[in-house]
Amino acid sequence: MALTDALGNLVRFKLLPGQRSEITGAPDLIDGLTFDALMGDKAFDADNLRQSLHAGGATAVIPAKRNRKVHIPHDKEAYKWWHLIENYFSKIKEFRGVNTRYDKTDSSYEATWNLAATIIALR
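Presented here is an overview of the structure given in this document. (Residues numbered from 1 in each chain as written. Predicted model: local features only at pLDDT ≥ 70, side-chain atom pairs only at ≥ 80, totals over all residues. Heavy atoms only, no water.)

1. Focus on the side chain of aspartate 45
- Relative to the assigned elements, aspartate 45 resides in the loop between β3 (37-39) and α2 (47-55).
- On the basis of relative accessibility, which here comes to 7%, the residue aspartate 45 falls in the buried class.
- From its side chain, aspartate 45 meets the backbone nitrogen of lysine 65 in a polar contact 2.8 Å long.
- A polar contact of 2.8 Å, which involves the side chain of aspartate 45, links it to the side chain of arginine 68.
- Contacts of aspartate 45, omitting those with residues within four sequence positions, involve Arg50, Ile62, Pro63, Ala64, Lys65 and Arg68. (Helix = DSSP H or I, 4+ residues; strand = E, 2+ residues; numbered from the N terminus. Buried < 20%, exposed > 50% of the residue type's maximum accessible area, 1.4 Å probe, protein only. Polar contact = N/O pair within 3.5 Å; in protein donor to acceptor, adjacent residues only side chain to side chain. Contact = heavy atoms within 4.5 Å.)

Here you go:
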């Protein structure tokens, strides 16, 4: 799970178990950061995340899930920039060690992520 800035550059990342929902790692990623808006896909459509963003003065640019009882609209023009986040994941997956995760320990996999993110930032 990764957090990028508006230009698609890595800010933070967090490893989660494969069977865990991504929404559980979101509070740790945004803790201590100030920003105007958080963009996410439908997996991040949760009332508690939206409330914490609102309390911090940030806007949630997250489309509502289909099964939501009360539909919450999102800024469709701002959501068009979602491709920058997806582009970052395309760049990071160019590195075989990140894409296939041959590392046995979390710490060595985090080091591989850091190395790949540094190379991307230097391009």
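2. Thoughts on the layout of surface pockets
- The space that makes up the largest pocket amounts to roughly 1,000 Å³.
- Surrounding the largest pocket, 41 residues form its lining, Met1, Ala2, Leu3, Ile85 and Phe89 being those nearest its centre.
- Elements supplying a minimum of two residues to the lining of the largest pocket: β1 (2-4), α1 (26-30), β3, α4 (83-92), α5 (96-100) and α6 (106-122).
- By residue number, the principal contributor to the lining of the largest pocket is α4, which donates five residues. (1 Å grid on protein atoms, 1.4 Å probe; cavity = no way out; pocket = protein on both sides within 12 Å on 5 of 7 lines; lining within 4 Å. Points joined across faces, edges and corners; volume = space filled by probe spheres on them.)

3. Topic: unusual backbone geometry
- Positive phi values are uncommon outside glycine, yet arginine 101 reaches one of about 50 degrees.
- Checked against the element boundaries, arginine 101 lands in the loop between α5 and α6.
- When its relative accessible area of 34% is taken as the criterion, arginine 101 is described as partly exposed.

4. Focus: the pairing of strand β2 (residues 10-13)
- Examined bridge by bridge, β1 and β2 share three bridges and lie antiparallel to one another. The partner of alanine 2 across the bridge, within β2, is phenylalanine 13.
- Turn length for the β1-β2 hairpin, with the two strands adjacent in sequence and antiparallel, is five residues, and the turn residue glycine 8 shows positive phi of about 85 degrees. (Pairing = 2+ DSSP bridges.)

5. Some remarks on the packing of aromatic side chains
- A full pass over the atoms with the stated rule returns three aromatic pairs.
- Consider the rings of phenylalanine 13 and tryptophan 113, whose centres lie 4.9 Å apart with planes at 20 degrees: the pair is stacked. In this pair, phenylalanine 13 is assigned in strand β2 and tryptophan 113 in helix α6, connecting sequence segments 100 residues apart. Each of the two residues, phenylalanine 13 as well as tryptophan 113, counts as buried.
- Relative to tryptophan 82, the ring of tyrosine 79 has its centre 5.8 Å away and its plane inclined at 10 degrees; by these criteria the two rings are stacked.
- Lying over the aromatic face of tyrosine 109, arginine 101 brings its terminal NZ or CZ to 4.4 Å of the ring centre. (Phe/Tyr/Trp six-rings, centres within 6.5 Å; stacked < 30°, edge-to-face > 60°. Lys NZ or Arg CZ within 6 Å of the ring centre and 35° of its normal.)

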